[in-house]
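Remarks on the overall topology
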Amino acid sequence: MSAFHKTALFIDGLNLHFTAKALGFDIDFKRLLAEFTRHGTLVRAYYYTAIFEDAGYNTIRPLTDWLSYNGFTVVTKSAREHNDGEGRRTFKRNIGVELSVDAIELAKHVDQIVLFSGDRDLRRLVEAIQGRGCRVMVVSSLRTSSPMIADELRRQADEFLELDNLRAIIGRTLPSDTAQ
């Protein structure tokens, strides 16, 4: 991992969750912050996720509360229910616009943006940030049974960091009943 003076983290929460789970571990966000603070000045750490508002108790709420009290800027968006045209309910949970706007606005104040996502739709965002003179590191995985990172996004990034390589530093073992 390269050392940069000013860094910002942008975490696609659902993407990171499913990638870590596919690798067989959970993220310790306190250790994640500490790791990226060791490599320079961490200007901001954003965490983006969708919230199912009318689902009663929300399992993501304790995590987002903890994150917001422990150094993260948490950005949530209500998940929207849609009919897929064939009678099935689907949910739109995309936080890409919010993440993109925040990243572009902050890019002029940092040397590097670390993007925790494998979403191909973010390739153009990475290109726009690079056009502003800011380097972009993408963190995701090629080691899952099906790669969690889009090839286009990985190729556009200045640096790709395999999430599995961070396991010993930022990982927690999944509870035995959910480990695969």
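Thresholds, definitions, all that
- Residues numbered from 1 in each chain as written.
- Predicted model: local features only at pLDDT ≥ 70, side-chain atom pairs only at ≥ 80, totals over all residues.
- Heavy atoms only, no water.
- Helix = DSSP H or I, 4+ residues; strand = E, 2+ residues; numbered from the N terminus.
- Expected span 1.5 Å × (residues − 1).
- Contact = heavy atoms within 4.5 Å.
- Pairing = 2+ DSSP bridges.
- Right-handed = clockwise from strand over helix to strand, strands pointing away.
- Core = buried A, V, L, I, M, F, W, Y, C linked by side-chain atoms within 4.5 Å.
- Buried < 20%, exposed > 50% of the residue type's maximum accessible area, 1.4 Å probe, protein only.

1. Comments concerning helix α4 (residues 96–107)
With 12 residues, α4 extends 16 Å between its outermost C-alpha atoms, agreeing within 8% with the 16 Å of an ideal straight helix rising 1.5 Å per residue. Where α4 is buried, its residues contact β1 (6–12), β3 (41–51), β4 (73–78), β7 (112–116) and α5 (123–131).

2. Here we look at the pairing of strand β9 (residues 159–162)
Judged from the four bridges that link them, strand β8 (residues 135–140) and β9 form a sheet pairing that is parallel. Among the inter-strand pairings, Met137 is bridged to a residue of β9, identified as Glu159. Where the polypeptide runs from β8 across helix α6 (residues 151–156) and back to β9, its parallel neighbour, the crossover connection is right-handed.

3. Topic: the nonpolar core
Among the nonpolar cores identified, the biggest contains 25 residues, and Ile27, Leu32, Phe72, Phe116 and Leu163 are the most heavily contacted of them. When residues of this core are traced back to their parent elements, those giving at least two are β1, α1 (13–23), β2 (25–27), α2 (29–37), β3, β7 and β8. Among the elements that take part in this core, α2 stands out by supplying four residues, more than any other. Core analysis: the second largest hydrophobic core is formed by 24 residues, Ala103, Leu125, Ile129 and Ala150 among them.

Note that all results are geometric; they support no functional claim without further evidence.
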